[in-house]
Structures are given as structure tokens and as C-alpha cells.
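Here is how the chains run, residue by residue.
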Amino acid sequence: MNGKIYLVGFGPGAEEHMSFKAKSAIAESDVVIGYTTYIKLVKDLLDGKEVIRKGMTEEIDRCIEAYEQAKLGKTIALISSGDIGVYGMAGPTYEVLLQAGWTPTDDIQVEIVPGSTALSACASLVGAPLTHDFCSISLSDLLTPWPVIARRIEAAGHADFVIALYNPKSGRRTQQIVEAQKILLRYRRPDTPVAIVKSAYRRRQDIQLVRLDEMSDCEIGMLTTVLIGNSSTFIKHGLMITPRGYANKYSSLTGAAKEGEKAGISLTMGLEGWYACLRQYVADNPGLTLEKIADYFGVVVGEVLSAIAAGESAGEHKAARIQAGKLNEVVSACESWGHLRGIVRAEAGAVTELFLRAKDFQLRGDWLNIETDAFHCHINWSKVNAAYLACRTDKSYGVNFIDNKGHLVFRLLLMKENGEFSATKINAYMQTWQALIEEPNND
Ligand SMILES: C[S@@+](CC[C@H](N)C(=O)[O-])C[C@H]1O[C@@H](n2cnc3c(N)ncnc32)[C@H](O)[C@@H]1O
């Protein structure tokens, strides 16, 4: 007789939240293996079964035991709370099996039985917090280095995901939740709704609805999942809700579309329409810098330039991309633009302005250097991936050098002479425009 291993996720805890398949897999099994607490949670289903209880740290032992028992021709249920594939035993079991030479065509069959994971169980108890894009992050640094966890929290905060924190705190790991809160408060309002759900669908179930700035002071333990809202999540009548629509912030641009929104058709600010919305915003806010526009939409400056370049008009702003392979030529062309202002922005906030002439540029290997008596500036030219000419009539004329992620590497701007732009220099600038730009791909 061939053995079989069921990897069973039995849901949050209560029997009524267990799937039919989870129950039938356990019923069919000769042996049930699990962490002591999980075995207690399914005790009513264990009559007549061989039960193997293991401690919290004996995860690999549980997998090895399952394999050994299956080799004897028995059917095994290796059980885990929630979904066994979510921070559960499915991964380690496959690792143990593959290391032992097992393959999916082996006599021993393996079947995964999915369950309701903690984040959906906890969400169901507080309202509908996961109705828009969300992610889960485990704060356990037992197997994951803290910089990796911190980077993920940072990215999720920046991208405005609703976040479910698994393994948020234990007796020994008390500061991770404090650090997570600090990172998220850089991106989210202090009053962002947070649900702290302990022991969902178990005897000691407890729910707290709090603000993000209160989160780390609350009672949180090993059996808690923390759900942190995005910038649209709200609490009403004790329910935490994340709206499905996301256009609030951009309502002035999407208002008309909201009225006549058609089922199955992308929003005006969907992939196809959002460049036009950006150009509309630029036209409506003529005084804004490219950086301010990028901040408003949460995008990089290269994306703003690309959007402006893709259309006929964006109010006073115009932009055009330099043809691929002509980056060096644009630097040479700058020599006819007279005195220039070089702008270098550091991400942390410093802006350096350098008064220079393009004839001082020297390309050496990967570096574009300008060395004058007053300063040395070294630009890593190998990072420059694209260049956009961009101007606002009578206000500014220049070129923006962009890296492959769309970040501004540096910008050169024409300078006024006696309060005005020289017609000759503007002429030279416009000639560069005609000679080197790509044909716009109008959207
Ligand atoms: C090792 S992970 C296991 C996750 C599980 N496989 C799942 O899909 O829910 C343990 C973490 O899951 C969360 N968790 C599991 N069951 C829970 C429950 N009933 N209520 C709240 N959180 C729970 C807690 O964050 C806990 O620290």
C-alpha cells in the first residue's frame, strides 16, 4: 500500500470554519501530526487515530515524521492552523521530501488542503479591511534578517497597501512592532485605522480597533494578527472598511469619469488614461515644478516627463524625449546654449545649483566631469538612461537626464541674461529640439 501525506490547513480554529476537505482528510488519515496547540484545536476529530504532538520549534521533526510514517504505507495528516501554505508547514515539508529524493511521481502522494488564513479570518471579524490591494508581512526575525523585513514594510507603506502583520510580537520579540510603526508613520496618517485581532474564532478571541500611532502600545501577542489600513481605510459604527474605489485623492481629475463610470471599462485614471489626467493636472497647476507634480501622483520625475512628452499639450509645459543613442550629442549641443544652471538633487532634500558652461564637460569612462575653480561635479554617466528636453515658454528651458528607474540624475537649465533669455540661445535650444527628439507617441 502506498502512503499519502495530506498537508491540511484547518482555518483559524473553530470547527465550523474548517473546510469539508480538511475534515475528510483528517478522517481518512491513520496518523495526525501537529503542534500541541493545533492538536488540541482538532481534538474532536481524532478518535481512533495515532496522534503525534510536537513542540513549537520541532517543525522539521514534524515533516520528517510525516515522511517516515508515509513510507510505512500510512495516510498522514500534517496539520497547521489557517492555510498550511501561508507561513505554514507546506514549504518545509516539500523541502524535506525533495532533499530525501522524493519527486511528485513517487509512490508517496502529497496533497495540500488549503484553509482560511489568519488575515481573512481576522478581517471578517472587523468589517471589510482587505477589499483593496493588501499584503502580508511577518515580523518574525527568527529566519529573516531585519533589514529585509524593514524594506518590505517600507515598500508596502510607500505603495499604500493594506498590511497584515503576522507574528507581530512575542515574549522575546517586543521591538519589531515598534519599529514597524515608526516606518509606517512616515507614510501613513497617525489616525490610520488598525485592527488588532487575537485568537480569531478561538476561545480567547479579542479585538481592538485603534489608530496607527497607538498600535505599539496595545496588547499584542503570538496569536495576534494586525491589520493596518491604507490611506482610504475608515472606521464607521465599529467597522473597519477599505473602499474598493480609490479615486478620492484624484477626484478633481476623475470626477467626471466617476459619474459615467462604465462597468468593465478602466477608470479615466487607468493605465490608458492617466497620462492625460497628469497633463490636465499640469495644465491646471502651471506653477508646479516637475518634482511637485511627481510627488502628487507618487511617481518619479521621468514618468511626469514621459506623460508630458506623450501629449500635444500640458498647459505651459512641453517635453520631448531625446532619441535613443543621442545622449552624448545632447551634451555637445548644450555648448551652444550659453551659461547654464546645473541642478543636482539629493533624495534627502538638498538641491545644488552649479553655474557652468557645457564646454567644461569632459566625458571620461563612465563619468561626466565638470571641474572648475569653484567646484568639481562628477556625474555617473553610465546611469543616465534617457534625456528629456522640457520647457515652459519664457520661464524655463532645459534638459533632464534620467536613470533607468525614472529618477532625475541631473538637470541643465538655460540662464537669463539681464533678466531675459537671449533669442540666439533659445534658437540654439530649439534647434537641438528639432534635431534630436523622438517623434512623440501621442496617446
Ligand atoms: C506561523 S504563522 C501561521 C499562519 C497560518 N498558517 C495562517 O495561514 O493563518 C502564526 C501567526 O499567524 C497568525 N494567526 C494564526 N492564527 C490566528 C488566529 N486564530 N487569530 C489571529 N491571528 C492568528 C498570528 O499572527 C500568528 O503569529
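Remember, it's a predicted structure, so these values are computed and weren't measured experimentally.

Rules used throughout
- Residues numbered from 1 in each chain as written.
- Predicted model: local features only at pLDDT ≥ 70, side-chain atom pairs only at ≥ 80, totals over all residues.
- Helix = DSSP H or I, 4+ residues; strand = E, 2+ residues; numbered from the N terminus.
- Rg over C-alpha atoms; globule rule 2.2 N^0.38 Å.
- Buried ≥ 20, exposed ≤ 12 C-beta atoms within 10 Å, placed from the backbone.
- Domains from an automatic or database assignment.
- Contact = placed C-beta atoms within 7 Å.
- Nonpolar A, V, L, I, M, F, W, Y, C, P; charged D, E, K, R; others polar.
- Core = buried A, V, L, I, M, F, W, Y, C linked by C-beta atoms within 7 Å.
- Pairing = 2+ DSSP bridges.
- Axes fitted to C-alpha atoms, helices over the stretch in contact; angles between N-to-C directions.
- Near = placed C-beta within 6 Å.
- Parallel < 35°, antiparallel > 145°, perpendicular 65-115°, else oblique.

Engineer: Hey, could you run me through the overall build of the chain in this one?
Structural biologist: Within the chain, the regular secondary structure consists of 13 helices and 22 strands. Here the C-alpha radius of gyration of the chain, 30 Å, is well above what a compact globule of 443 residues would show, namely 22 Å. The C-alpha extent of the chain, read off along each of the three principal axes, is 95 × 55 × 45 Å. The 443 residues of the chain split such that 36% are buried.

Engineer: Explain the domain arrangement of the chain to me, please; I cannot follow it from the model alone.
Structural biologist: Much of the literature gives interface size as the accessible area that the parts lose upon coming together. Along its sequence, the chain is carved into domain 1 (4-116), domain 2 (119-241) and domain 3 (274-436). Each side of the interface is counted separately: domain 1 has 7 residues, and domain 2 has 7 residues. Residues of the side of domain 1 that touches domain 2, tallied by class, amount to 3 nonpolar, 4 polar and no charged.

Engineer: Looking at this structure, I do not really get the nonpolar core. What am I missing?
Structural biologist: Considering soluble globular proteins, one finds that nonpolar side chains tend to be buried as a cluster. Val304, Leu305 and Tyr388 are the most contacted members of the largest nonpolar core, which totals 43 residues. Secondary structure elements with two or more residues in this core: helix H9 (274-284), helix H10 (290-297), helix H11 (301-309), strand S14 (317-321), helix H12 (327-333), strand S20 (386-392), strand S21 (396-402) and strand S22 (408-414). Setting aside its immediate chain neighbours within four residues, Val304 contacts Leu278, Leu290, Ile293, Ala294 and Val299.

Engineer: Just checking my understanding: could you explain the sheet that holds strand S13 (residues 239-241) for this structure?
Structural biologist: Note on sheets: strands pair through backbone hydrogen bonds, and any given pair is parallel or antiparallel. As summarised here, the arrangement of the 3 strands in space is S6-S13-S12, forming an open sheet in which the pairing is mixed. Pairing within the sheet leaves two strands with one partner each, and these edge strands are strand S6 (127-128) and strand S12 (234-236). Note: S12 against S13, 3 bridges, orientation antiparallel. Each bridged residue has a counterpart across the sheet, and for Lys236 the counterpart in S13 is Leu239.

Engineer: Looking at this structure, I do not really get the sheet that holds strand S17 (residues 361-364). What am I missing?
Structural biologist: Strand order in the open sheet made by the 3 strands is S17-S18-S19, with antiparallel pairing throughout. Each having just a single partner strand, S17 and strand S19 (376-380) make up the two edges of the open sheet. Each strand axis lies, on average, 25° off the axis of its neighbour in the sheet, ignoring direction. As defined by bridge partners, S17 adjoins strand S18 (residues 367-371) across 4 bridges and the pair is classed as antiparallel. Paired with Gln362 across the two strands is Asn369, which belongs to S18.

Engineer: Would you mind going over the site of the ligand with me for this structure?
Structural biologist: Around the ligand sit 24 residues in total, of which Gly82, Val86, Thr117, Ala118 and Ala200 are the nearest. Residue composition of the shell around the ligand, by class: 12 nonpolar, 10 polar and 2 charged. The residue makeup of the shell around the ligand includes at least three contributed by each of domain 1 (4-116) and domain 2 (119-241).

Engineer: Quick question: what am I supposed to make of the packing of H10 against H11 here?
Structural biologist: Each packed pair of helices is defined by two parameters, the angle between the axes and the distance between the axes. Where H10 contacts H11, the two axes come as close as 8 Å, and the packing angle between them is 100°. Regarding the angle of H10 to H11, the classification is roughly perpendicular. Residue-level contacts link Leu290, Glu291, Ile293 and Ala294 of H10 to Val301, Glu303, Val304 and Leu305 of H11.

Engineer: What am I meant to see in unusual backbone geometry here?
Structural biologist: In terms of backbone geometry, most residues other than glycine have negative phi values and most peptide bonds are trans. Unusually for a residue other than glycine, Tyr87 sits at a positive phi of about 45°. With respect to the helices and strands, Tyr87 occurs in the loop between strand S4 (75-80) and helix H4 (90-99). Given 18 C-beta atoms within a 10 Å radius, Tyr87 is considered partly exposed. The phi angle at Tyr201 is positive, at roughly 55°, despite the residue not being glycine.

Engineer: Would you explain the environment of Asp191 in this entry?
Structural biologist: Positionally, Asp191 belongs in the loop between helix H7 (176-185) and strand S9 (193-198). Residue classification places Asp191 among the partly exposed positions, given that 14 C-beta atoms sit within 10 Å. In sequence terms Asp191 and Thr144 are 47 residues apart; their C-alpha atoms lie 29 Å from each other.

Engineer: What is the right way to read the pairing of strand S1 (residues 4-9) from this model?
Structural biologist: For a regular strand, side chains alternate in direction, first toward one face of the sheet and then toward the other. Burial runs high along S1: 6 of the 6 residues are buried. Burial along S1 is two-sided: the residues Lys4, Tyr6 and Val8 and Ile5, Leu7 and Gly9 are all buried. Sheet topology note: the S1/strand S5 (residues 109-113) ladder contains 5 bridges and is parallel. When the bridges of S5 are listed, Ile5 appears paired with Val110. As paired elements, S1 and S4 share 6 bridges and run parallel to each other. Paired with Tyr6 across the two strands is Ala77, which belongs to S4.

Engineer: Which parts of the structure should I look at to understand the packing of H9 against H11?
Structural biologist: Relative to each other, H9 and H11 sit at 95°, their axes nearing to 9 Å. Comparing the axis directions of H9 and H11 gives the class roughly perpendicular. Here Tyr275, Leu278, Arg279 and Val282 of H9 lie close against H11, whose contacting residues are Val304, Ala307 and Ile308. Within the contact of H9 with H11, the residues separate by chemical class into 6 nonpolar, no polar and 1 charged.

Engineer: What am I meant to see in the environment of His317 here?
Structural biologist: With respect to the helices and strands, the residue His317 is situated in strand S14. Residue His317 is classed as buried on the basis of its C-beta count, with 25 C-beta atoms lying within 10 Å. For the pair His317 and Ala276, spaced 41 residues apart in the sequence, the C-alpha separation amounts to 13 Å. Setting aside its immediate chain neighbours within four residues, His317 contacts Val282, Ile308, Ala390 and Arg392.

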